[in-house]
Amino acid sequence: MKLQVENLSFAYDQKPIIEDICFTVEKGEFVGLIGPNGSGKSTILKNLYRALKPDAGEVKLDGENLFKLNHKQAARKIGVVAQEDVLPFDFKVEEIVAMGRSPYKKLFDGDSQKDKEVVRNALAYLGMEDMAKRKFLCLSGGEEQRVLIARVIAQETDFLILDEPTNHLDIGYQLQIFDLVKHLNVTVLTAIHDLNIAALYCDRIYVLKNGRVFTSGTPEEVLTPEIISEVYGIE
């Protein structure tokens, strides 16, 4: 599944946050967005998964206008793990993972046999079968994030958007989460805070500065002392 972003712009209270953002994510790629705090990484992703509405620009998914899809249609194509995913109630792990099946259901549909099987398989992939009945708020941060990954796996999409999914986790959990995502063999677009993680997992990287794409390329091409100095202001 290919994503094309063309001239995406968004302003908050008439202050531009991102301007003329253009990039592509080819089918099967693992693409990262990096840049300092406030450079626009999360704003781009929120515009893509429609938590925010862009002021200008076009986004196509396999040639189809993403913004013309209704929410269920979009949810069948793109799975999202947001930076802050606050749940209003303390659900069981299996109940949260089952929420990933909602794009395929009508309002009052219960869980089908297929839904239950998909949830079981998602939990098994994350090694969390024995936690299915546990309450979400009793989990560690790393376990919570694995549950949210299991939820998007249950959604059965070919494209994942991840908004700095591991920035509050220790290095062991960070590597574990990115390993699990990498081996799903789906198309991934993710904002990444840690440059070492970006170097390890990304096929290509877009570097952001002041709400614009500063440069892009492979990790070897963009994670150079010169570019890091120019973008982050450090030697």
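All values derive from a computational prediction rather than experimental measurement.

Along its 13 residues, helix 4 (residues 113-125) runs 18 Å from first to last C-alpha, staying within 8% of the 18 Å computed at 1.5 Å per residue. When helix 4 is considered as a whole, its buried residues turn out to be Asp 115, Val 118, Val 119, Ala 122 and Leu 123. One side of helix 4 holds all its buried residues, which, seen down the axis, span an arc of 130°. Residues of helix 4 that are exposed and angled more than 90 degrees away from the buried face: Gln 113 and Lys 114. Count one or two residues on from helix 4 and you reach Gly 127, which has phi positive near 70°.

Moving on: the pattern of salt bridges. By the definition in use, this model includes 14 salt bridges. A salt bridge links Glu 164 to Lys 41, with the shortest nitrogen-to-oxygen separation between them at 3.8 Å. Placement of Glu 164 in the loop between strand 7 (159-163) and helix 6 (171-182) and of Lys 41 in helix 1 (residues 41-48) is noted, with a sequence separation of 123 residues between them. This pair shows no difference in class: Glu 164 is buried, exactly as Lys 41 is. For the salt bridge of Lys 60 with Glu 58, the shortest nitrogen-to-oxygen distance reads 4.0 Å. Each of Arg 101, Lys 105, Asp 111, Asp 115 and Glu 156 takes part in a single network of salt bridges with overlapping partners.

For the rest of this paragraph, the subject is the side chain of Thr 224. In this fold, Thr 224 is placed in the loop between helix 8 (219-222) and helix 9 (225-232). Among the residues examined, Thr 224 registers a relative accessible area of 17% and is labelled buried. Polar contacts involving the side chain of Thr 224 include one to the main-chain amide nitrogen of Ile 227, which spans 3.2 Å.

End to end, helix 5 (residues 141-154) covers 20 Å across 14 residues, agreeing with the expected 20 Å (1.5 Å per residue, within 8%). When you tally the buried positions in helix 5, you get twelve out of 14 residues, the bulk of the element. Listed as buried for helix 5 are Gly 142, Glu 143, Gln 145, Arg 146, Val 147, Leu 148, Ile 149, Ala 150, Arg 151, Val 152, Ile 153 and Ala 154. Buried positions along helix 5 lie against strand 6 (78-81), helix 3 (93-98), helix 4, strand 7 and helix 6. Glu 156, located one to two residues past helix 5, shows a positive phi value of around 55°.

Moving on, we get to the sheet that holds strand 1 (residues 3-12). Pairing within the open sheet is antiparallel, and its four strands lie in the order 2-1-4-5. Edge positions in the sheet fall to strand 2 (15-25) and strand 5 (64-65), since each of these pairs with one other strand and no more. Sheet analysis places strand 4 (residues 56-61) next to strand 5, joined by two bridges and oriented antiparallel. The partner of Lys 60 across the bridge, within strand 5, is Asn 65.

Across the sheet, which stays open at both edges, the six strands sit in the order 6-7-8-3-9-10 with mixed pairing between neighbours. Lying at the two open borders of the sheet, with one neighbouring strand each, are strand 6 and strand 10 (212-217). Looking at each pair of strands side by side, their axes are set apart by 15° on average, direction ignored. Note: strand 3 (residues 30-34) against strand 9 (residues 204-209), four bridges, orientation parallel. Paired with Ile 34 across the bridge in strand 9 is Val 207. Against the sheet, helix 6 makes contact with strand 3, strand 7 and strand 8 (187-191), and its axis sits at roughly 140° relative to strand 3, the strand it touches most.

With that settled, the discussion passes to the packing of helix 5 against helix 6. Across the interface, helix 5 lies against helix 6 with an axial gap of 10 Å and an inter-helix angle of 10°. In terms of axis orientation, helix 5 runs roughly parallel to helix 6. Of helix 6, the residues touching helix 5 (which contributes Gly 142, Glu 143, Gln 145, Arg 146 and Ile 149) are Tyr 173, Gln 176, Ile 177, Leu 180 and Val 181. When grouped by side-chain class, the residues that make up the contact of helix 5 with helix 6 number five nonpolar, three polar and two charged.

Our focus in this paragraph is unusual backbone geometry. Trans is the common state for peptide bonds, and a negative phi is the common state for residues other than glycine. Positive phi values are uncommon outside glycine, yet Asn 7 reaches one of about 55°. By secondary structure assignment, the location of Asn 7 is in strand 1. The residue Gln 14 is not glycine, and still its phi comes out positive at about 65°. Here Gln 14 lies in the loop between strand 1 and strand 2. Residue classification places Gln 14 among the exposed residues on the basis of a relative accessible area of 78%.

Parameters and conventions
Residues numbered from 1 in each chain as written. Predicted model: local features only at pLDDT ≥ 70, side-chain atom pairs only at ≥ 80, totals over all residues. Heavy atoms only, no water. Helix = DSSP H or I, 4+ residues; strand = E, 2+ residues; numbered from the N terminus. Expected span 1.5 Å × (residues − 1). Buried < 20%, exposed > 50% of the residue type's maximum accessible area, 1.4 Å probe, protein only. Arc of directions from axis to C-beta. Salt bridge = Lys/Arg side-chain N within 4 Å of Asp/Glu carboxyl O. Polar contact = N/O pair within 3.5 Å; in protein donor to acceptor, adjacent residues only side chain to side chain. Contact = heavy atoms within 4.5 Å. Pairing = 2+ DSSP bridges. Axes fitted to C-alpha atoms, helices over the stretch in contact; angles between N-to-C directions. Parallel < 35°, antiparallel > 145°, perpendicular 65-115°, else oblique. Nonpolar A, V, L, I, M, F, W, Y, C, P; charged D, E, K, R; others polar.

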